[in-house]
Amino acid sequence: MLKVDGIWKTFGGITALMDVSFEVKRGEIKAVIGPNGAGKTTLFNVISGVYKPDRGTIFFEDRRIDSLGPVKIAKLGISRTFQNVELYGHLTVLENVMVGRYARTKAGFFSCGFRLPHMVREEREIRKKSEEILEYVGLYDKKDFLASELPIGLQRILEIGRALATEPKLIMFDEPASGLNDSETKNLSAFIKKLRDEKNITVILVEHDMGLVMDISDNIVVLNFGEKIAEGTPHEVKNNKLVIDAYLGEEEHF
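Residues numbered from 1 in each chain as written. Predicted model: local features only at pLDDT ≥ 70, side-chain atom pairs only at ≥ 80, totals over all residues. Heavy atoms only, no water.

A closer look at the pattern of salt bridges
Move 1: As enumerated under the stated definition, the model contains 15 salt bridges in all.
Move 2: Note that lysine 9 and aspartate 54 form a salt bridge whose closest N and O atoms lie 3.8 Å from each other. Of this pair, lysine 9 sits in strand β1 (residues 2–11) while aspartate 54 sits in the loop between α1 (40–47) and β4 (55–60), placing them 45 residues apart in sequence.
Move 3: Take aspartate 54: its relative accessible area is 42%, and that puts it in the partly exposed class.
Move 4: Close ionic contact of aspartate 245 with lysine 241 constitutes a salt bridge, the shortest N to O distance being 2.8 Å. One end of the pair, aspartate 245, and the other, lysine 241, are both in helix α10 (residues 241–248), 4 residues apart, so they sit about a helical turn from each other. This pair shows no difference in class: aspartate 245 is exposed, exactly as lysine 241 is. (Salt bridge = Lys/Arg side-chain N within 4 Å of Asp/Glu carboxyl O. Helix = DSSP H or I, 4+ residues; strand = E, 2+ residues; numbered from the N terminus. Buried < 20%, exposed > 50% of the residue type's maximum accessible area, 1.4 Å probe, protein only.)

Details of a negative patch on the surface
Move 1: There is a patch of like negative charges on the surface, built from Asp5, Asp19, Glu23 and Glu227.
Move 2: Along the chain, the position of aspartate 19 falls in strand β2 (residues 14–24).
Move 3: Assessed through its relative accessible area of 46%, aspartate 19 is described here as partly exposed. (Patch = residues over 30% accessible without salt bridge, like charges linked within 9 Å, V, L, I, M, F, W, Y side chains within 5 Å. Areas by Shrake-Rupley, 256 points an atom, 1.4 Å probe, with all protein chains shown as cover. Lys, Arg positive; Asp, Glu negative; His and termini not counted. Charge placed at Lys NZ, Arg CZ, Asp CG, Glu CD.)

Considerations on helix α7 (residues 182–199)
Given 3.6 residues per turn, any residue in an α-helix points the same way as the ones three and four places further on.
Move 1: Here α7 spans 25 Å end to end across 18 residues, near enough to the 26 Å set by a 1.5 Å rise per residue.
Move 2: Within the span of α7, buried status applies to Thr185, Leu188, Ser189, Phe191, Ile192, Leu195 and Arg196. Seen along its axis, α7 keeps its buried residues to an arc of 165 degrees; they face one direction. Relative to its buried face, α7 has exposed residues pointing more than 90 degrees away, namely Asp182, Lys186, Asn187, Asp197 and Glu198.
Move 3: Count one or two residues on from α7 and you reach asparagine 200, which has phi positive near 55 degrees. (Expected span 1.5 Å × (residues − 1). Arc of directions from axis to C-beta.)

Details of the sheet that holds β2
Move 1: A sheet is described by the order of its strands in space; here 4 strands give the open sequence β2-β1-β4-β5, paired in antiparallel fashion. In this open sheet, the two strands that pair with only one neighbour each are β2 and β5 (63–64).
Move 2: Where β4 meets β5, 2 bridges bridge the pair, whose relative direction is antiparallel. In the sheet register, phenylalanine 59 faces β5, and the bridge partner there is arginine 64.
Move 3: Contacts between α1 and the sheet are confined to β1, β2 and β4, with β2 contributing the most and set at about 65 degrees to the helix. (Pairing = 2+ DSSP bridges. Contact = heavy atoms within 4.5 Å. Axes fitted to C-alpha atoms, helices over the stretch in contact; angles between N-to-C directions.)

Structure follows, in structure tokens:
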């Protein structure tokens, strides 16, 4: 589904990504792990079009996307969440999901300005679809709350709901368990599996919580100083000496 091939990215004299290559199969949950500064978020930014790679190619469903911007990439079916929750705190929970839904709208500037009938119908459809998403993620009863009023665990779920509003085929989660307690992390783990199994959504996950990673991942890529040092199943990765030395530490921690 996704092929990352020989990606390089530098900032000034610092090489953030060095010849990184891997593939993601349809329906897979793929984790990207590594120490702080390993290049994980930079990799997400390159895949999602925030940064353009200096070298290398990225293909999504056989279409080359490494020269496209974030909006076009989102419309192709790639969505993401962020390490720091990026919600509109002054908008309601429902309005935050509706913002994501606008990526799928067709009405133009003229139609919106003059409130033409097809634009009004589309607006009603956006609200209806957004309410259905909130029902699915368990936040419908909080649809009129301000996003800033939700606890961090529910804000994470809301951000996922907004990502779902774009009708993604692939979602990239950037440290979704950050700031969550054990119970919230367990619920998040179950929810990510639910997305894959019920919605047929492919997942790429950057995460420091190794319990979560080992629980839900089919395959893991390990970065260190911008370079891929290992790839394999959770069992293979946690027993890889290079990975243990660079990141995981002694095996008994798992």
